[in-house]
Amino acid sequence: MLKLIDRAAKTVEWLVVGLAAIGSLIIVVQMVWISYGVFMRYAIGRPDRMVTEATALLLFPVALLGLAYAMREDSYPRVTLLTDTFKPGLQKLVLLFNGLIMLLIGVFFSITTTNATLRAFNSGSSSEILNWPRYLFWGVAAASLIVFTIYATLRLLQIALRPPPAPLKEADDGMV
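The residue numbers shown here count from 1 along each chain, following its written sequence. Owing to the predicted nature of the model, reporting of local features is limited to residues with pLDDT of at least 70; listing and counting of side-chain atom pairs is limited to 80 or more, with chain, interface and lining totals taken over all residues. Side-chain metrics in this entry use all non-hydrogen atoms of the structure; hydrogen atoms and water are not considered.

Peer 1: Help me understand the overall build of the protein in this model?
Peer 2: Broken down by element type, the protein carries five helices and zero strands. Taken from the N to the C terminus, the helices and strands of the protein come in the order α-α-α-α-α. Two things to know: the radius of gyration comes from C-alpha atoms, and the globule rule equals 2.2 Å times the number of residues to the power 0.38. A compact globule built from 176 residues should have a C-alpha radius of gyration of about 16 Å, whereas the protein, at 21 Å, is more than 25% larger. Principal axes of the C-alpha set define a box for the protein whose edges measure 65 × 45 × 25 Å. Burial classes: relative accessible area under 20% of the type maximum marks a residue as buried, over 50% as exposed, and values in between as partly exposed (1.4 Å probe, protein chains only). Counting all 176 residues of the protein, 31% fall into the buried class. Whether two residues are in contact is decided by their heavy atoms, any of which lying within 4.5 Å being enough. Counted over contacts in the protein with a minimum sequence separation of 6, partners at least 24 positions apart contribute 77%. Each helix corresponds to a stretch of at least 4 residues labelled H or I by DSSP, and each strand to a stretch of at least 2 residues labelled E; elements are numbered beginning at the N terminus.

Peer 1: Any chance you could explain the side chain of Thr 113 here in plain terms?
Peer 2: Note on placement: Thr 113 falls in helix H4 (residues 88–123). What qualifies as a polar contact is a pair of N or O atoms within 3.5 Å, subject to a donor-acceptor requirement within protein and to the restriction that residues adjacent in sequence count only when both atoms come from side chains. Polar side-chain contacts of Thr 113 include one of 3.3 Å to the backbone oxygen of Ser 110.

Peer 1: Even after reading the chapter, I still don't get unusual backbone geometry, so can you show me in this structure?
Peer 2: Its identity is not glycine, yet Asp 74 carries a phi of approximately 55°, on the positive side. Within the secondary structure, Asp 74 is located in the loop between helix H3 (67–72) and H4.

Peer 1: Would you mind going over a nonpolar patch on the surface with me for this structure?
Peer 2: Each patch is built from residues that are more than 30% exposed by relative accessible area and take part in no salt bridge. Like charges join if they lie within 9 Å; nonpolar side chains (Val, Leu, Ile, Met, Phe, Trp, Tyr) join within 5 Å. We get accessible surface area from the Shrake-Rupley algorithm with a probe of 1.4 Å; when it comes to residues, only the shown protein chains can shield them. In what follows, salt bridge is the name for a side-chain nitrogen of Lys or Arg lying within 4 Å of a carboxyl oxygen of Asp or Glu. Together, Phe 97, Ile 101, Ile 105, Phe 108 and Phe 109 make up a nonpolar patch on the protein surface, roughly 500 Å² of accessible area in all. Taking relative accessible area as the criterion, Phe 109 reaches 39% and is therefore assigned partly exposed.

Peer 1: Looking at this model, I keep getting lost on the nonpolar core. Mind explaining?
Peer 2: The nonpolar side chains of soluble globular proteins are, as a tendency, buried together. Within the largest apolar cluster, 21 residues are counted, with the highest numbers of intra-cluster contacts made by Val 12, Val 16, Met 71 and Tyr 151. Looking at this core, the elements that each hand over two or more residues are helix H1 (2–44), helix H2 (49–65), H3, H4 and helix H5 (134–161). Not counting the four nearest positions on each side in its chain, Met 71 is found in contact with Tyr 76, Met 102, Phe 148, Tyr 151, Ala 152 and Arg 155. What is meant by a nonpolar core is a set of buried Ala, Val, Leu, Ile, Met, Phe, Trp, Tyr and Cys residues, joined one to another through side-chain atoms within 4.5 Å.

Peer 1: In this structure, what is going on with the environment of Val 94? I would like to understand it.
Peer 2: Relative to the elements of secondary structure, Val 94 occurs in helix H4. C-alpha separation for the pair Val 94 and Thr 83, spaced eleven residues apart in sequence, amounts to 7.8 Å. Sequence-distant contacts of Val 94, that is, excluding residues within four places in its chain, are made with Thr 83 and Phe 86.

Peer 1: Got a minute to help me understand the packing of H4 against H5 in this structure?
Peer 2: Two measures define how a pair of helices packs: the angle their axes make with one another and the distance between the axes. Contact geometry for H4 and H5: axes closest at 8 Å, N-to-C directions at 160°. On the basis of the axis angle, H4 is roughly antiparallel to H5. H5 is crossed by H4, and the crossing has left-handed handedness. Classification convention: Asp, Glu, Lys, Arg as charged; Ala, Val, Leu, Ile, Met, Phe, Trp, Tyr, Cys, Pro as nonpolar; all other residues, Gly among them, as polar. When its residues are assigned to classes, the contact of H4 with H5 shows 21 nonpolar, nine polar and two charged. The axes are straight lines fitted to the C-alpha atoms, using for helices just the contacting stretch, and the angles between their N-to-C directions are given from 0 to 180°. Angle categories: roughly parallel below 35 degrees, roughly antiparallel above 145, roughly perpendicular from 65 to 115, and oblique for all the rest. Crossings are assigned a handedness: left-handed for a near helix turned anticlockwise from the far helix by less than a right angle, right-handed for a clockwise turn.

Peer 1: Would you explain the pattern of salt bridges in this entry?
Peer 2: Should the charged atoms of two oppositely charged side chains come close, the side chains can pair. Applying the stated criterion to the full structure yields six salt bridges. For Asp 6, the salt bridge identified is with Arg 162, shortest N-O distance 3.1 Å. Separated by 156 residues along the polypeptide, Asp 6 in helix H1 and Arg 162 in the segment after H5 bring together distant segments of the chain. The partly exposed category is assigned to Asp 6, whose relative accessible area is 22%. For Arg 162, a relative accessible area of 35% gives the class partly exposed. Note that Glu 13 is salt-bridged to Arg 72, the shortest N-O span being 3.6 Å.

Shown next as structure tokens:
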């Protein structure tokens, strides 16, 4: 069972990395567009109204595209001063609790953004200046959160099915 979950997690990781790559590409586009806006405002003296709205609209999906990638890289901040002193079984319980919280948050926001995507699509709403359909931005956010939720589920199952880590010895902590 664990091998199957590990393979599924590896498969989803391809999608996770792809979403992060799309997010980084959008950041480059925003950077170039903002630079153009600054040039137009201060060098030419004719500010571009579209720059502010475009970068604001793109900021929301970018913030969520890297969510699962941060989980893959284990780069969420954690304070382990206290939990490192726990026995391995209790450390595993803390990891399970943390994973469950992340999963529940992912489920909640996946449902919320999916509903928002459907409402924006059905209403046909668009941005004020650019007239970009809002469902595109909500859709990217919803897809990112759904991938995050699937990945969080797989990671939670991996934690649950693996035995607790072996306790560290005094010499194993890397301190001299």
